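Listed below are the residues making up each chain.
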Amino acid sequence: MTERTSESALSNDYSKLSEQARSFLQGEKQLFINGRWRSARRGSTLPVVDPTNGREVARIADAAEEDVDAAVEAARHAFESGPWPKMRPHEREQLMLRLADLIAAEIQPLAEIECVNSGKLIGNTRLFDAELSVHTLRYMAGWATKLHGQTMDLSVPYLPDQRFSGFTRRTPVGVVAGITPWNVPLCQAVWKLAPVLATGCTLVLKPAEQTSLTAIRLAKLCSRVGIPEGVVNVITGRGSVAGVALASHPGVDKISFTGSTNVGRHIAETAAKQLKRVSLELGGKSPVVIAPDADLDIAIPGAAWAIFGNNGQNCCAGSRLYVHTSIFDRVIEGVVKIADEMQLGPGLDPTSMMGPMVSVAHRSRVVQFVSSAVSAGASLLAGGDILPGPGAYLRPTILMGTPSDHDSVQQEIFGPVLNVFRFNDDAEAIRLSNDTRFGLGASIWTSRIATATRYLEAFRAGTVWINTHNILDLSLPFGGLRDSGIGQELGQEGVLSYTQLRAVVMRQ
Ligand code: TAP
């Protein structure tokens, strides 16, 4: 492999952009409130940077408290009056399907915008941002007509002369604050939007400051399909200002947050004070365990992509690899080879295998974990070095011999950094896997059902994978335990979490 080092080879080539993506990037980006576009009241804006070259590619509005007030007021009004609460479930379903069709018609420009904004590979933004958003909307559209309660014969033993029947109803929780991170920007926004529309709630969405562009584009598409004004509002800006104002706003009924554990904790405190509903999809430190009987032809690339997929910026990345001592050398040699051969480059170039981190600031944080691990006695089996130039590139990195209590083993790094360890028996692998405050995902690679069963029962994780890692599906609820969060997204549980169960008693 010839490593690319020149600034131009590592930078996105904008001549490859479609006309739609280019004109969107050049156009003005405003807040979307009550079906209308407007600048932040104070007029301030923030830069949007391409992480392959550090260049400003757009500016977004920097919302403050008064903008958040206006957005929440619009969402509250749309929830309580106007056409939205009167719409029948199948009408909401039709709107969602139309929105899915509009996104499907814009897969390429959306994937390109996301690629330039986030540094991710174009194949990745096409599949996991644009196309998965279409699938999410179509899946959730089906739920709009399938939300129902139950009926029951009531006993009421203290009134023996009277008969009662009862039933439950599922009603929308109300105004939802959706706050999303930068690693899968469009898809995370749609994971908030789709259950909101299916259940009849309204939304104020606050995307991550670094990657707000596709959420703005999404708002444009919502207005084109005829979703009533105020149902979807998009506020861009800083988490410390707009995010705080939104989460603490008394007009918000539920906060649906995806992001880091630290911010999640603040949000949980805010929600607790106001007794708001909250769901928290937070960070992870997911273990990958390779048993001695695993099929190494799938386990070796599986372990490599568990950590290096999405540039390592993945909440359920397999960042701790535990390999049985009898196969340790072979597995590690294979994973190191994959890391060494990975071609770094800009996302718009289809030959790139890994792009830059989302920003130089984030890369500095990741590099700090690596140098601290090396100071604590770890050896670098691969990577550890950054590429020269203004891009936020870091070579895929593998550490061995890091003490188990070191920050790089215990904290979420959110970058392409893998710690590897050997184990002697299942009890030791299970103990090491569960030695974490997180509990998002865990995988076991084995050809024995008994081994798989033992681990799936023992892992403390919201999702367990057997002979695979990082696989999510719309029908499967996704969420974490402990520091990885509260509640689930997707599946039946995900959509029901946007509803309020109410009871009715009827005297016969
Ligand atoms: P955070 O720094 O936590 O930011 C997430 C969102 O919260 C951003 O929109 C951010 O705005 C906003 N925010 C920041 N401080 C806030 C506050 N005090 N009050 C309200 N909102 C605030 O996370 P990130 O760095 O963007 O994303 C990476 C994290 O997301 C990782 O921990 C990753 O594991 C997690 N993640 C989890 C999942 C699931 S499903 N479990 C999926 C993807 C990512 P600004 O961008 O403007 O700061």
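Up top you'll find the structure we're talking about.
Remember, predicted model here, so these are calculated numbers, not experimental data. (Residues numbered from 1 in each chain as written. Predicted model: local features only at pLDDT ≥ 70, side-chain atom pairs only at ≥ 80, totals over all residues. Heavy atoms only, no water.)

Our focus in this paragraph is the site of the ligand. Around the ligand, 30 residues are found, and the nearest of them are T180, G239, S260, L282 and E412. Here an oxygen atom of the ligand and a side-chain polar atom of K206 are 2.9 Å apart. The separation between an oxygen atom of the ligand and a polar side-chain atom of E412 is 2.5 Å. Against a free-state accessible area of 920 Å², the protein chains account for coverage of 87% of the ligand. Of all elements in the fold, only α8 (239–247), β10 (254–258) and α9 (261–274) reach the threshold of two or more residues within the shell around the ligand. (Near = heavy atom within 4 Å. Polar contact = N/O pair within 3.5 Å; in protein donor to acceptor, adjacent residues only side chain to side chain. Areas by Shrake-Rupley, 256 points an atom, 1.4 Å probe, with all protein chains shown as cover. Helix = DSSP H or I, 4+ residues; strand = E, 2+ residues; numbered from the N terminus.)

The next point concerns the nonpolar core. Core analysis: the largest hydrophobic core is formed by 44 residues, its most contacted members being M96, L99, I103, L137, L193, L197 and I227. Elements represented by at least two residues in this core include exactly α3 (89–104), α4 (107–118), α5 (122–144), α6 (185–199), β8 (202–206), α7 (213–225) and β9 (232–234). Broken down by element, this core gets its largest block of residues, eight residues, from α6. Contacts of I227, omitting those with residues within four sequence positions, involve L95, L99, L197, C222 and V232. (Core = buried A, V, L, I, M, F, W, Y, C linked by side-chain atoms within 4.5 Å. Buried < 20%, exposed > 50% of the residue type's maximum accessible area, 1.4 Å probe, protein only. Contact = heavy atoms within 4.5 Å.)

Turning to the sheet that holds strand β17 (residues 441–445), a few remarks are in order. The seven strands lie next to each other as β14-β15-β16-β13-β12-β17-β18, forming an open sheet whose pairing is mixed. Only two strands of the sheet have a single neighbouring strand rather than two, namely β14 (379–382) and β18 (463–466). The average angle at which neighbouring strand axes cross in this sheet is 25°, direction not considered. Judged from the four bridges that link them, β17 and β18 form a sheet pairing that is parallel. Bridged to S443 within β18 is W465. In this fold helix α12 (residues 360–375) packs onto β14, β15 (397–400) and β16 (417–423), with an angle of close to 25° to the strand it touches most, β15. (Pairing = 2+ DSSP bridges. Axes fitted to C-alpha atoms, helices over the stretch in contact; angles between N-to-C directions.)

Turning our attention to the side chain of S118. Within the secondary structure, S118 sits in helix α4. Engagement of the side chain of S118 in a polar contact is seen with the backbone oxygen of E114, the distance being 2.7 Å. Within the structure, S118 has its side chain in polar contact with the backbone nitrogen of K120 (distance 3.2 Å). When sequence neighbours within four positions are dropped, the list of residues in contact with S118 reads P51, T125, T211, M357 and V358.

Any functional reading would require information that these geometric values do not contain.
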